[in-house]
Amino acid sequence: MPYSKEDQQWIQNQLRAEHIGREIITYSSVDSTNDAAKRLIGESDKEGTVILADGQTQGKGRQGRTWHSEENVGIYLSIVLKPSLRPEQISQITLVAGVALAQTINEFSRVRAHLKWPNDILLNGKKVAGILTENCQNNAHSGIILGVGINVNHSQFPVSLQRIATSMAMENGEIFERLPLITYFLNHLDQEYRCLLDEGLAPIVDQWNMNSDMFGRQVFLAQGTQTYSGTAMKLNEKGHLVVLTDDGEEIGFDSGEITLLE
Ligand code: BTN
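Each value, and the rule that gives it
Think of each chain on its own: its residues are numbered from 1, step by step along the sequence as written. Residue-level local features of this predicted model are given only where pLDDT is at least 70; pairs of side-chain atoms are given and counted only at 80 or more, and the full residue set underlies all totals for whole chains, interfaces and linings. Side-chain numbers here rest on the full set of heavy atoms in the structure, without hydrogens or water. Two strands pair under a simple rule: DSSP has to find at least two bridges between them. Counting from the N terminus, the helices are DSSP H or I runs at least four residues long and the strands are E runs at least two residues long. Every angle, taken between N-to-C directions, lies between 0 and 180 degrees, and every axis is a line fitted to C-alpha atoms, over only the stretch in contact when it is a helix. Contacts are assigned to residue pairs that have any heavy atoms within 4.5 Å of one another. Whether a residue is near a molecule or strand depends on its heavy atoms: if one lies within 4 Å, it is near. Counting of polar contacts relies on pairs of N or O atoms within 3.5 Å, with two restrictions inside protein: one atom must be capable of donating a hydrogen and the other of accepting it, and residues adjacent in sequence are counted only when both atoms are side-chain atoms. Values of accessible area rely on a 1.4 Å probe in the Shrake-Rupley scheme; residue burial ignores everything except the protein chains shown. With a 1 Å grid laid over protein atoms only, a set of points is called a cavity when a 1.4 Å probe fits there but cannot get out and a pocket when it is open yet has protein on both sides within 12 Å along at least five of seven lines; lining residues have an atom within 4 Å of a point. To decide whether a molecule occupies a pocket or cavity, check its atoms: if more than half lie within 2 Å of the grid points, it is inside. In the scheme used here, Gly and all other residues not listed as nonpolar or charged are polar, with Ala, Val, Leu, Ile, Met, Phe, Trp, Tyr, Cys and Pro taken as nonpolar and Asp, Glu, Lys and Arg as charged. Exposure is judged per residue with a 1.4 Å probe applied to protein chains only, and the accessible area is read against the type maximum: over 50% gives exposed, under 20% gives buried, and values in between give partly exposed. Here the arc refers to the set of directions running from the helix axis out to each C-beta atom.

K.L.:
How should I be thinking about the sheet that holds strand S7 (residues 141-151) in this particular structure?
P.N.:
As a general point, the strands of a sheet are linked pairwise by backbone hydrogen bonds and lie either parallel or antiparallel. Read from one edge to the other, the open sheet built from 7 strands follows the order S1-S2-S3-S7-S6-S5-S4, with strand pairing classed as mixed. What marks the edges here is a single partner per strand, and that holds for strand S1 (24-30) and strand S4 (113-116). Adjacent strand axes in the sheet meet at a mean angle of 20° when their direction is disregarded. Pairing of strand S2 (residues 50-56) with strand S3 (residues 74-81) involves 4 bridges; the strand directions are antiparallel. Of the residues in S3, the one forming a bridge with Val50 is Ile79. Strands in contact with helix H2 (residues 33-41) are S1, S2, S3, strand S6 (126-138) and S7; relative to S7, the strand with the most contacts, it is inclined by about 160°. Across the sheet, helix H5 (residues 178-199) lies against S2, S3 and S7, angled at about 30° from S3, the strand it touches most.

As structure tokens, this is what we get:
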């Protein structure tokens, strides 16, 4: 069901956040909440506006992939942020969002959520949520668009996704209400975002490392045309993934695509 004015008001009443969610714009369907947020960013310097859609016709994932955005069952939202971070620090926002998502899902799900670097949240090894962070300049205004998709009550996925995607409902055998999930997420996000701006990246990295089960595991990492095989060790203080390669070299990666091998 599309979000009603009452739903929007209910979310806003639950928010403890200073900025995030002060304004919430809802759609029954939109091309992509990230693209809607980009159109909006050109109009004002306000931070914290949330774009929330019941479904998306052109939901986007990382690396030009599409994000399966079935109506009624998922959470698709984007937030306009305007932190004073350098462009190369934008990946820190992805880490912040990952921590807030893991905290949120773990408050509702009996099956524990784990973070997979850089932007995936997994339940039982399958993807339940993803993050798409984009740097954006429109007219004289610029900012970061943080897009989040959560598979909440999907009962099935297209064949091409069945091996890799799951939903909270499929793993827990129960249906979840979307509104409490949205408010928990926005409150956790606000808290972790403030923490990043006030204290820096270190506490976020600690939280991230605690919510991941990829360390000590064999991984295959692709970065551009380069590929590496080794053991994932931790996120370092810069938020880079440290891999001990099979050749015995420790490398910190600031980007890449990971495959967990065991
Ligand atoms: C990924 O895992 O590749 C990132 C997925 C991000 C999906 C969300 S859904 C809301 C927002 N709007 C989009 O078009 N994408 C993000």
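Picking up where we left off.
K.L.:
What is the right way to read the site of the ligand from this model?
P.N.:
Every one of the 19 residues lining the ligand counts as a neighbour, but Ser32, Gln56, Lys60, Arg62 and Lys127 are closest to it. One of the side-chain nitrogen or oxygen atoms of Thr33 is found 3.0 Å away from a nitrogen atom of the ligand. Residue Lys127 places a side-chain N or O atom 2.4 Å away from an oxygen atom belonging to the ligand. The protein chains hide 99% of the 410 Å² of surface that the ligand would expose on its own. A majority-of-atoms criterion places the ligand in the largest pocket. With 4 residues, S6 is the single largest residue contributor to the shell around the ligand. Counted by class, the shell around the ligand contains 5 nonpolar, 11 polar and 3 charged residues.

K.L.:
Even after reading the chapter, I still don't get helix H6 (residues 202-210), so can you show me in this structure?
P.N.:
Every α-helical turn comprises 3.6 residues, leaving residues that sit three or four positions apart pointing alike. Within the span of H6, buried status applies to Ile204, Val205 and Trp208. Along H6, the residues classed as buried sweep out an arc of 100° about the axis, all on the same side. Against the buried residues of H6 lie helix H3 (91-108), S4, H5 and strand S9 (226-235).

K.L.:
I tried to follow unusual backbone geometry on my own but got confused; where do I start?
P.N.:
As a rule of thumb, non-glycine residues mostly have phi less than zero, and peptide bonds are mostly trans rather than cis. A cis geometry characterises the amide bond from Trp117 onward to Pro118, with omega recorded as 0°. Here Pro118 is to be found in the loop between S4 and strand S5 (120-123). Its identity as a non-glycine residue notwithstanding, Gln63 has a phi of 55°, on the positive side. When you line up the elements, Gln63 lands in the loop between S2 and S3.

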